[in-house]
Structures are given as C-alpha cells and as structure tokens.
Amino acid sequence: MPLLILLLLASLIIGLVLAQHPWRRYQRKRIMQQAFPASWRAILKQRMPYFRALPADLQLQLKKHMQVFIAEKRFIGCEGVTVTDEMRVTIAAQACLLLLNRPDYYYPKLQQILIYPAAFVVHGQAADAAGVVSEQRRVLSGESWGQGKVVLSWQDALQGAAQPHDGRNVVIHEFAHQLDQEKGQATGAPQLSRSNDYQQWSAVMQQAFDQLQLQTANGERGLLDGYGATNPAEFFAVISEVFFEQPEPLQTQYPALYQQLSQFYRINPLSWQ
Ligand SMILES: [Zn+2]
C-alpha cells in the first residue's frame, strides 16, 4: 500500500512539473494581452531614446517582453533605494533588447534585480601569480550572478539608457552575462541560435579576442573597450554593448563578428539607422 501511495505522489509531482510550462505560457499570454500602461510609455519616451530607433514591430515586441519581465522578476532596492516604475521600466527596456525575436524566453534562471543608487563596492579575495591571496575592494556599476541575480547601479543604468550610441551600457553588459550564464559559468560561449555555427562562432570570437588582447597589451585604444580583453566572458559582454549601440563601426571593422552577433541576437541594428 505505501508503495502505491508513493507511486501516486510521484506521478502527481511529475504531472505538476509538466503542467507548469503550459500554465506559465498561458499566464504570459494574458500579461501580453494587457494594455501597455501610458505612464510606462511616458518613461520610455523620456528615458530610453533607443526605443524610438526601433522599427515599429520591434517596439511592440519590446513592450510585450517588458510587461512579462516586470511581472516575473523581483526588483529590490538596496542602500536606501525605493524601487519606482521609472527604474523597472528603464531597466526592463534595456534588458529586453537582448530578448527580441526570442519567443517565450525571459532569462529563466534570473529571479531578482538588485538596484543600488550608484556604483557600489564589493569585497573579495584574489590570488596573484605567486599564490598570495589579498583582499580586494572593487567599485562596480553592475554584476551578474549565475544564481538568479543581477546587481545594478541605478545611476549607471540611467546613464546607459540616456546615451544609446556610446557603446557603453551596463544593463546590456550584465544581461549578456545572464545569457552566457544560462548553461553554467560564463565562458563567452552562450547557447547559440540555430542559425549560428559553433565552429564558426568560436573561430571568429577567438580571433577578435586575440586581436583585442594584443591591442590592449600595446596600449592601443580602439572601438572595443580594453576591459573585453580580461577574458572571453567579458569579451562577449563588451561586444554585445557595441553591437547594440555602435553597429556601424562594428560591422565595418569586424564584419564577421557583427554577422555572428546578428545571428545570435536575431536582429540587424544596422538596418534601423
Ligand atoms: Zn562583466
């Protein structure tokens, strides 16, 4: 008899897990059918000049993605921040740019977005080549955790939205890490789109990464920020910022890289100019 109960319980649990996906889909559909609040539209207009550059169909898609994103993720204020709609909308709009043409995908591991008023300090340990571990104090504008968290400086998120063509955007940077971290640790090799070819992707990335490392070692400054030379994960986050914000020079200077990113992100920002 206890075995029968166990079997019943097990099938109930399996049933619940299987039913969760269609249920979630249904909920998302309902959220997307709701009208986009007029106050959110006003915030987009005021804070997100990038939005106006998007073609009409992508504007609509972005708004629907934002509605789901805001409904599903928890925004938490830190160091005295009271979370406002202005913060939710400005951050969601930038984070959802990376989700365009990706139906029913909303950073599945991510649960919380922590918002600090400005750049924040993190303490950690680092070991040098001789194995000496030292305490480090770093000032950050954003951080992406593998375990369901993104941390952002509101001041930097706001500034990133206000300057859509400088190739710097902390929200795009951290959420590119989230895409990368979906399969585990960030490695600069996220789960690729069907149209990407893994071999080609890794050859193109490696070549551009090596080139940036060399440039940075020689003290040269170019289109890509030297921070991208830190490791392949940072490289992917840095080129994502440039792909969205400076597609023209990226396509001119790194055509193969642009093509890979265009396939990965399923958009062609060049055609919007
Ligand atoms: Zn990073």
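Residues numbered from 1 in each chain as written. Predicted model: local features only at pLDDT ≥ 70, side-chain atom pairs only at ≥ 80, totals over all residues. Heavy atoms only, no water.

### Re a nonpolar patch on the surface
Turning to step 1, where the next piece is worked out: The grouping of Leu3, Leu6 and Leu7 at the surface amounts to a nonpolar patch, some 340 Å² of accessible area in total.
Turning to step 2, where the next piece is worked out: Here Leu7 shows up in helix H1 (residues 2-33).
Turning to step 3, where the next piece is worked out: Among the residues examined, Leu7 registers a relative accessible area of 53% and is labelled exposed. (Patch = residues over 30% accessible without salt bridge, like charges linked within 9 Å, V, L, I, M, F, W, Y side chains within 5 Å. Areas by Shrake-Rupley, 256 points an atom, 1.4 Å probe, with all protein chains shown as cover. Salt bridge = Lys/Arg side-chain N within 4 Å of Asp/Glu carboxyl O. Helix = DSSP H or I, 4+ residues; strand = E, 2+ residues; numbered from the N terminus. Buried < 20%, exposed > 50% of the residue type's maximum accessible area, 1.4 Å probe, protein only.)

### Observations regarding the coordination of the zinc ion
Turning to step 1, where the next piece is worked out: Donor atoms from the polypeptide that bind the zinc ion are His173 (NE2), His177 (NE2), Glu234 (OE) and Glu234 (OE), placed at 2.1 to 2.7 Å.
Turning to step 2, where the next piece is worked out: In this structure, the zinc ion is coordinated by four donor atoms arranged in irregular fashion, with angles at the metal of 52 to 142°.
Turning to step 3, where the next piece is worked out: On the basis of relative accessibility, which here comes to 7%, the residue His177 falls in the buried class. (Donors = N, O, S within 2.8 Å, 3.2 Å for Na, K, Ca; no water. Tetrahedral: all angles 85-135°; square planar, octahedral: opposite > 155°, others 65-115°.)

### Structural notes on the domain arrangement of the protein chain
Many analyses report the size of an interface as the accessible area lost when the parts associate.
Turning to step 1, where the next piece is worked out: Under the domain assignment, the protein chain is made up of domain 1 (33-126 + 134-175) and domain 2 (187-273).
Turning to step 2, where the next piece is worked out: Taken residue by residue, the interface counts 22 residues in domain 1 and 16 residues in domain 2.
Turning to step 3, where the next piece is worked out: Carbon and sulfur atoms make up 49% of the surface buried where domain 1 meets domain 2, a total of about 1700 Å² over both sides.
Turning to step 4, where the next piece is worked out: Scanning the region where domain 1 abuts domain 2 turns up one salt bridge.
Turning to step 5, where the next piece is worked out: We note a salt bridge from Arg168 to Asp225, for which the minimum N-O separation is 2.6 Å.
Turning to step 6, where the next piece is worked out: Remark: the boundary between domain 1 and domain 2 carries 11 residue pairs in polar contact (both at pLDDT 80 or more). (Domains from an automatic or database assignment. Contact = heavy atoms within 4.5 Å. Buried area = accessible area lost by both parts, 1.4 Å probe. Polar contact = N/O pair within 3.5 Å; in protein donor to acceptor, adjacent residues only side chain to side chain.)

### Observations regarding the side chain of His177
Turning to step 1, where the next piece is worked out: Relative to the helices and strands, His177 is located in helix H7 (residues 170-181).
Turning to step 2, where the next piece is worked out: Within polar-contact distance, the side chain of His177 engages the side chain of Glu234 at 3.1 Å.
Turning to step 3, where the next piece is worked out: With residues near it in sequence (within four places) discarded, His177 still touches Ser144, Ala233, Glu234 and Ala237.

### Notes on the nonpolar core
Burial of nonpolar side chains together is a common tendency in soluble globular proteins.
Turning to step 1, where the next piece is worked out: One finds Phe69, Leu97, Leu98, Phe175, Leu250 and Tyr265 to be the most contacted residues of the largest nonpolar core, which totals 72 residues.
Turning to step 2, where the next piece is worked out: Element by element, the count of residues in this core is highest for helix H5 (residues 85-97), at eight residues.
Turning to step 3, where the next piece is worked out: There are two domains that each give this core at least three residues, and those are domain 1 (33-126 + 134-175) and domain 2 (187-273).
Turning to step 4, where the next piece is worked out: Other than its neighbours up to four places away in sequence, Leu97 contacts Met48, Tyr50, Leu54, Leu62, Ile172 and Phe244.
Turning to step 5, where the next piece is worked out: In this structure, Cys78, Leu114, Tyr116 and Val122 belong to the second largest nonpolar core, which totals seven residues. (Core = buried A, V, L, I, M, F, W, Y, C linked by side-chain atoms within 4.5 Å.)

### Here's the deal with H7
Turning to step 1, where the next piece is worked out: With 12 residues, H7 extends 16 Å between its outermost C-alpha atoms, agreeing within 8% with the 16 Å of an ideal straight helix rising 1.5 Å per residue.
Turning to step 2, where the next piece is worked out: Of all the 12 residues making up H7, 12 are buried; the element is thus mostly covered by neighbouring parts of the structure.
Turning to step 3, where the next piece is worked out: Within H7, the full set of buried residues consists of Val170, Val171, Ile172, His173, Glu174, Phe175, Ala176, His177, Gln178, Leu179, Asp180 and Gln181.
Turning to step 4, where the next piece is worked out: Put simply, Asn169 is the residue that caps the front of H7, since its side-chain oxygen is 3.0 Å from the backbone nitrogen of Val171. (Expected span 1.5 Å × (residues − 1).)

### Regarding the packing of helix H8 (residues 198-217) against helix H9 (residues 232-245)
Two measures define how a pair of helices packs: the angle their axes make with one another and the distance between the axes.
Turning to step 1, where the next piece is worked out: Contact pair H8 / H9: the axes reach a minimum separation of 11 Å and the direction vectors enclose 95°. In terms of orientation, H8 and H9 fall into the roughly perpendicular class. On the side of H8, the interface is formed by Trp201, Met205, Ala208, Phe209 and Leu212, while H9 contributes Pro232, Phe235, Phe236 and Ile239. (Axes fitted to C-alpha atoms, helices over the stretch in contact; angles between N-to-C directions. Parallel < 35°, antiparallel > 145°, perpendicular 65-115°, else oblique.)

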